[in-house]
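Geometric and topological summary
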Amino acid sequence: MSLPIISADQRLAERHGVKLVLLGKSGIGKTSQLKTLPEDSTLFVDLEAGDLAVRDWHGDCVRPSTWCEFRDLVAFLAGPNPALPADAPYSEAHYRHVCERYGDPSQQIAKYDTYFVDSITVLARLCLTWCKSQPQAFSERTGKPDLRGAYGLLGQEMIAALTHLQHARGKHVIYVAILDERTDDFNRRVFTPQIEGSKTATELPGIVDEVVTLAELKAEDGSAYRAFVCHTVNPWGYPAKDRSGRLDLVEPPNLAALIAKCSQAQSQPRPTAPLTTGLHDSAHSSSSTVSKE
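What comes next is a walk through the structure. (Residues numbered from 1 in each chain as written. Predicted model: local features only at pLDDT ≥ 70, side-chain atom pairs only at ≥ 80, totals over all residues. Heavy atoms only, no water.)

Focus on the overall build of the protein
Assigned secondary structure in the protein consists of nine helices and 10 strands. For the protein, with 293 residues in total, the buried portion stands at 44%. In the structure as shown, the protein presents an accessible area of about 15,800 Å², 52% of it carried by carbon and sulfur atoms. (Helix = DSSP H or I, 4+ residues; strand = E, 2+ residues; numbered from the N terminus. Buried < 20%, exposed > 50% of the residue type's maximum accessible area, 1.4 Å probe, protein only. Areas by Shrake-Rupley, 256 points an atom, 1.4 Å probe, with all protein chains shown as cover.)

Next comes the structure, spelled out in structure tokens:
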């Protein structure tokens, strides 16, 4: 059987979800961004059990407490990968198993447009705990724990799960993570996601469409305001990426509005920017649209 050819009109008519990583230091208000999302069509995947900041948000929530529970949830939310063998996570067999456990996906999750996963910082710790109990985490020769094996498995498991969930067609997927600041050997500020192991933090930006950092910036008058930093090249060195091509250097701290702006890019061609537009001009025009808080 030959593969069907999907025309440009068919492809453009499909619903596409935005896959986004939301970074920010602890306490900056990352979880509170959930309040900007529709309560009736957003599923809150609460891994931190720290929903005090959103206790007045009335949407649905699920709380996986182990790595195996999260893998089952990912298979249920994103469907199966038919290319995988039956004994592999996210295979057809795995999907059928979780459907028997959770029910019919068309009835359970059809209403959700957005999955808000808070946070992959905690998720990586759950995964590492599971990895340390697996055969790969022990030396074949001595039988003693082998941290290199555990961390190698951690990277494989995390990337497999996050990649599979981001293939949930037509759904917006938001991954939240804490952003750490440190100083490198040359006394420069460096920002890195707080995620166990290096593989996930390194490869995650390549998996998703958008990487934004929620940060506190300074206005020209010296006052502070919160905003999303969205461009890879930015004056502060924050991690960021905009694959949609629609976002300004700095965007207002409203996740729903940001997703809507990215989604607009999928249905409308991006206007050609003047060649004279530079980082300084972009920063100036963007900051004027961000509300001070």
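Considerations on helix α5 (residues 120–131)
The end-to-end C-alpha distance of α5, which contains 12 residues, comes to 16 Å, matching closely the 16 Å that a straight helix rising 1.5 Å per residue would cover. For α5, a buried count of 10 out of 12 residues is recorded, marking the element as mostly surrounded by other parts of the structure. Buried within α5 are the following residues: Ile120, Thr121, Val122, Leu123, Ala124, Leu126, Cys127, Leu128, Trp130 and Cys131. Along its buried surface, α5 packs onto α2 (67–78), α6 (147–166), β5 (172–183) and α7 (199–207). (Expected span 1.5 Å × (residues − 1). Contact = heavy atoms within 4.5 Å.)

Quick word on the nonpolar core
Counting 56 residues, the largest nonpolar core has Phe70, Tyr115, Tyr175 and Leu204 as its most contacted members. For this core, the leading source of residues is α5, giving nine residues. When neighbours within four sequence positions are excluded, Tyr115 is seen to be in contact with Leu43, Leu77, Ile109, Leu165, Ala168, Lys171, His172, Val173 and Ile174. (Core = buried A, V, L, I, M, F, W, Y, C linked by side-chain atoms within 4.5 Å.)

Considering unusual backbone geometry
The omega torsion of the bond from Asp118 to Ser119 falls at 0 degrees, within 30 degrees of zero and hence cis. Checked against the element boundaries, Ser119 lands in the loop between β4 (114–118) and α5. Backbone geometry places Tyr90, a non-glycine residue, at a positive phi of 75 degrees. Of note in the backbone geometry, Asn187 takes a positive phi value of approximately 60 degrees without being a glycine.

Digging into the packing of α2 against α5
In the contact formed by α2 and α5, the axes pass within 8 Å of each other and the chain directions differ by 115 degrees. Residues Trp67, Cys68, Phe70 and Arg71 of α2 pack against Leu123, Leu126, Cys127 and Trp130 of α5. Taken together, the residues of the contact of α2 with α5 break down into seven nonpolar, no polar and one charged. (Axes fitted to C-alpha atoms, helices over the stretch in contact; angles between N-to-C directions. Nonpolar A, V, L, I, M, F, W, Y, C, P; charged D, E, K, R; others polar.)

Regarding the pattern of salt bridges
Opposite charge on two side chains makes pairing possible when the charged atoms of those side chains draw close. A complete count under the given rule lists 12 salt bridges for this structure. A salt bridge links Glu181 to Arg189, with the nearest nitrogen and oxygen atoms 3.5 Å apart. In this structure, Lys199 and Glu203 form a salt bridge, with 2.6 Å as the shortest nitrogen-oxygen distance. Taken together, the positions of Lys199 and Glu203, both in helix α7 and four residues apart, correspond to about one turn of that helix. Residue Lys199 is classed as partly exposed on the basis of its relative accessible area, which comes to 34%. (Salt bridge = Lys/Arg side-chain N within 4 Å of Asp/Glu carboxyl O.)

A closer look at the pairing of β5
Across six bridges, the pairing between strand β1 (residues 19–24) and β5 is parallel. Directly across from Val21, in β5, lies its bridge partner Tyr175. Inspection of the sheet shows β4 paired to β5 by five bridges, in the parallel sense. The partner of Phe116 across the bridge, within β5, is Ile174. Between β5 and strand β6 (residues 189–193), which pair antiparallel and follow one another directly, the connecting turn spans five residues, one of which, Asn187, has a positive phi of 60 degrees. (Pairing = 2+ DSSP bridges.)

Examining the packing of aromatic side chains
Summed over all chains, the structure comprises five aromatic pairs. Here Phe44 and Trp57 contribute two aromatic rings whose centre-to-centre distance is 6.3 Å and whose plane-to-plane angle is 90 degrees, an arrangement assigned as edge-to-face. Taken together, the positions of Phe44 in strand β2 (residues 42–46) and Trp57 in the loop between β2 and β3 (60–62) put the pair 13 residues apart, joining distant regions of the chain. Accessibility assignment for this pair places Phe44 and Trp57 in one class, buried. Here Phe76 and Tyr102 contribute two aromatic rings whose centre-to-centre distance is 5.2 Å and whose plane-to-plane angle is 75 degrees, an arrangement assigned as edge-to-face. Within this pair, whereas Phe76 is found in helix α2, its partner Tyr102 is found in helix α3 (residues 92–102), the two being separated by 26 residues in sequence. In this structure, Arg71 packs its charged tip against the face of Trp130, placed 4.9 Å from the ring centre. (Phe/Tyr/Trp six-rings, centres within 6.5 Å; stacked < 30°, edge-to-face > 60°. Lys NZ or Arg CZ within 6 Å of the ring centre and 35° of its normal.)

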